[in-house]
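Topology and contacts: notes
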2 protein chains.
Amino acid sequence: MSTELTEAQKLLELRNRIDAIDDDIARLIAARARCAQDVAEVKKANLPDDARILFYRPEREAQVLRKVMEQNQGPLSNEEMARLFREIMSACLALENPVKVAYLGPEGTFTQQAALKHFGHSAVVLPFPTIDDVFREVESGAVNYGVVPVENSTEGVVNHTLDNFLGSNLKICGEVELRIHHNLLVSDVTSVNNISRIYSHSQSLAQCRNWLDAHYPKAERIAVNSNAEAARRLKGEWNAAAIAGSLAAERYELKILSEKIEDQPDNSTRFLIIGTQQVPASGVDKTSIVVSTRNEPGALHNLLEPFHRHGIDLTRVETRPSRSGVWTYVFFIDFSGHVDDDAIRQVLQDLPERVADLKLLGSYPKAVL
Amino acid sequence: MSTELTEAQKLLELRNRIDAIDDDIARLIAARARCAQDVAEVKKANLPDDARILFYRPEREAQVLRKVMEQNQGPLSNEEMARLFREIMSACLALENPVKVAYLGPEGTFTQQAALKHFGHSAVVLPFPTIDDVFREVESGAVNYGVVPVENSTEGVVNHTLDNFLGSNLKICGEVELRIHHNLLVSDVTSVNNISRIYSHSQSLAQCRNWLDAHYPKAERIAVNSNAEAARRLKGEWNAAAIAGSLAAERYELKILSEKIEDQPDNSTRFLIIGTQQVPASGVDKTSIVVSTRNEPGALHNLLEPFHRHGIDLTRVETRPSRSGVWTYVFFIDFSGHVDDDAIRQVLQDLPERVADLKLLGSYPKAVL
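Only a predicted model underlies this, so the values are computations on that prediction, with no experimental measurement involved.

Things to note about the state of the cysteines
Residues and elements named next belong to chain A. Applying the stated criterion across every chain, the model contains zero disulfides over all chains. The thiol of C92 is unpaired, and the distance to the nearest cysteine sulfur, on C35, comes to 8.9 Å. Classification of C92 as buried rests on a relative accessible area of 2%.

Quick look at the domain arrangement of chain A
All names here are of chain A. We note that the domain assignment places domain 1 (2–179), domain 2 (183–258) and domain 3 (278–365) within chain A. At the junction of the two partners, domain 1 supplies 21 residues and domain 3 supplies 23 residues. In total, domain 1 and domain 3 occlude about 2,000 Å² of area from one another, counting both sides; carbon and sulfur atoms represent 56% of this. Counting across the interface, domain 1 meets domain 3 through one salt bridge.

Thoughts on the sheet that holds strand β12 (residues 314–321) of chain A
Residue and element names in this part refer to chain A. Overall, antiparallel pairing links the four strands, which are arranged β12-β13-β11-β14 in an open sheet. Every interior strand has two partners, whereas the edge strands, β12 and β14 (357–365), have only one. When strand polarity is set aside, the average angle formed by the axes of neighbouring strands in this sheet is 15°. Note: strand β11 (residues 285–292) against strand β13 (residues 329–336), seven bridges, orientation antiparallel.

Here we look at the sheet that holds strand β6 (residues 197–200) of chain B
Residue and element names in this part refer to chain B. Pairing is mixed in the open sheet, where five strands are placed in the order β7-β6-β8-β5-β9. Only two strands of the sheet have a single partner each, and these edge strands are β7 (220–223) and β9 (255–258). Averaged over all pairs of adjacent strands, the angle between strand axes in this sheet comes to 35°, irrespective of strand direction. Pairing between β6 and β7: four bridges, direction parallel. Within the sheet, the bridge partner assigned to R197 lies in β7 and is E220.

Observations regarding the packing of helix α3 (residues 78–94) of chain A against helix α3 (residues 78–94) of chain B
Two numbers describe how α3(A) lies on α3(B): the axes approach to 10 Å, and their chain directions differ by 180°. With respect to α3(B), the element α3(A) is oriented roughly antiparallel. Touching E80(A), R83(A), L84(A), E87(A), I88(A) and A91(A) of α3(A) are E80(B), R83(B), L84(B), E87(B), I88(B) and A91(B), all from α3(B). Here the contact of α3(A) with α3(B) is built from residues that sort into six nonpolar, no polar and six charged.

Quick notes on the interface of chain A and chain B
Interface extent is often summarised as the accessible area lost during association of the parts. Contacts between the two partners involve 65 residues from chain A, matched on the other side by 65 residues from chain B. Buried area between chain A and chain B, both sides added, is near 6,400 Å², and the carbon and sulfur share of it is 63%. Two residues, R83(A) and E87(B), come together in a salt bridge whose shortest N-O distance is 2.7 Å. When contributions to the side of chain A that touches chain B are tallied by element, the ones reaching two or more residues are α1 (2–45), α2 (58–71), α3, β2 (124–128) and α10 (246–251) of chain A. It is α1(A) that contributes the most residues to the side of chain A that touches chain B, 28 residues altogether. Looking at the side of chain A that touches chain B residue by residue, the class counts come to 32 nonpolar, eight polar and 25 charged.

Rules used in this analysis
- Residues numbered from 1 in each chain as written.
- Chains lettered and ligands numbered in written order.
- Predicted model: local features only at pLDDT ≥ 70, side-chain atom pairs only at ≥ 80, totals over all residues.
- Heavy atoms only, no water.
- Disulfide = S-S within 2.5 Å.
- Buried < 20%, exposed > 50% of the residue type's maximum accessible area, 1.4 Å probe, protein only.
- Domains from an automatic or database assignment.
- Contact = heavy atoms within 4.5 Å.
- Buried area = accessible area lost by both parts, 1.4 Å probe.
- Salt bridge = Lys/Arg side-chain N within 4 Å of Asp/Glu carboxyl O.
- Pairing = 2+ DSSP bridges.
- Helix = DSSP H or I, 4+ residues; strand = E, 2+ residues; numbered from the N terminus.
- Axes fitted to C-alpha atoms, helices over the stretch in contact; angles between N-to-C directions.
- Parallel < 35°, antiparallel > 145°, perpendicular 65-115°, else oblique.
- Nonpolar A, V, L, I, M, F, W, Y, C, P; charged D, E, K, R; others polar.

In structure tokens form, the structure reads like this:
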């Protein structure tokens, strides 16, 4: 009886403390929102009355999030803290003009998840059926930004996004990463030798194709609506497995038979934020360019030399056939740094004499998490 | 030049203030999370080591949210403040055991939206294809809660949820409301007389059927995937309209031809949280019961009399055929108050002599927003 009372007393005290903290948090969030309004007022003061401008600043947001994560000492994970701050910033920003974002739909896809992860739930996010539509919506000014997948979705989708930049003046204003690891899951009653069916989303099946060919060449691969759906199907099945994330194993009480079976070890799906804005440096940035070379031996090597010389870290090079001629290629190149950095300014000055054409797609904050 | 400098200075000062506020918010959120951990520790102290219990308390959460909204003086709306606090509570709670929630899928539906609105994005929410599946998952203990629509979706769905309670021991632990108003939207180039096609989601078309019969009896009604999709289709169409929310009008720059055209003026979609928990009183609660009457005249009147006598506010009565006999009915009754309130305890004592069967489905916090 006496311990129970003590427990009740302890709980009451803790709840009172939480209530006091909540009061402070609410007060501070309101104060933050008022500051955001003041920022908007100051900016509006020098504008005509009817100018609807957007107060979203990708580089500032990235800085805030990085600081929150650096200073975080738990118990919440960096990811959770960043998520809460995204939502707070999203709510404050929406007081003026909610950010309008077009994404490659339909609803419920990873791209929607990426859009909400980046812009928070106070943004207005709208699905569009094709990548072309997303580009068109941003170009027309109907929305402020677009979100499109660029890596590690079906091969066609990636290329389609890149190709769209060739005929567009849109800039890259940011990137979002969703990290995805795949596992082979089975229910308790399944043994390795019995697996004759493997469920997963078609994209996940594609991302683990080599591994499946090597380990389960005879198992039938069955594409279902989502990886969660695949995991759920296993209940009571003794001859089936599913490819899904580790969370799904926990959710559905499945055994992880093999971990990280994706063919590409760093299997994160990457998305680009496209817009009309040239984003100032945030301190940890990336730059994307597209160049076409003259059709001659060593062209790519020649093109990359200045990056090497200036010690610039190339993060990605993609080769795509040019739209303008047979056997001509364009290269999409990502590298660390901002176009305002001295080293990068020098590289971009050196490049034109080495290439047929050069287009800056944008400098933008590296994905925060 | 001098105003520009002043603007820059003002902005810098505001940003510094925001940075300081952010530091405080981050510190307080971490402190709150530590308190939540302490609460869990105190509770666990009297439990066996392997007991995984859930620390989610619906009544406490409702109280916190109501207080936040009462004290809110802007500039953020009550809805945004409540949303941010849901997310903060959701993140703190997930430190111990993330809440697992089954909802009627697929992903991207209003029911998912309701689940995330109620439990926040740190909860694990899982789609299931039927209402029966959702009930089964909760009954088996695989998830902590289920979310199912109960009002104003297609007629069949509602009844199906109610009928499920007849054969289940699950309790109602909460409710969620999503308010939905429909409007008739057209593009600038469309005049009223030209409308020959009306796009919308099939549910929205159903919810405006009478109004459409009265106003546009000859227009073809075309069901599309979502109301947003319907609105988007109008671009450049001169003889079509869409039914969608006012947000869609703003997003797609459409004209609102007629407002609030839903047949039921209070068109909110309501969802129930189902679980195994008996929720303590939060202060503003609702109770749901299901009763079957003997098949005699005046049975319903007789049944409702004690409510009237004790001044209890009935919020809803639904009549459903009983599963057990021809021409027998069961009544689902919602009323204000908690089963621990004196008046309601008395009514529940009076009822058994007036009915054939009585089952308490649960007392739970009224939807906060």
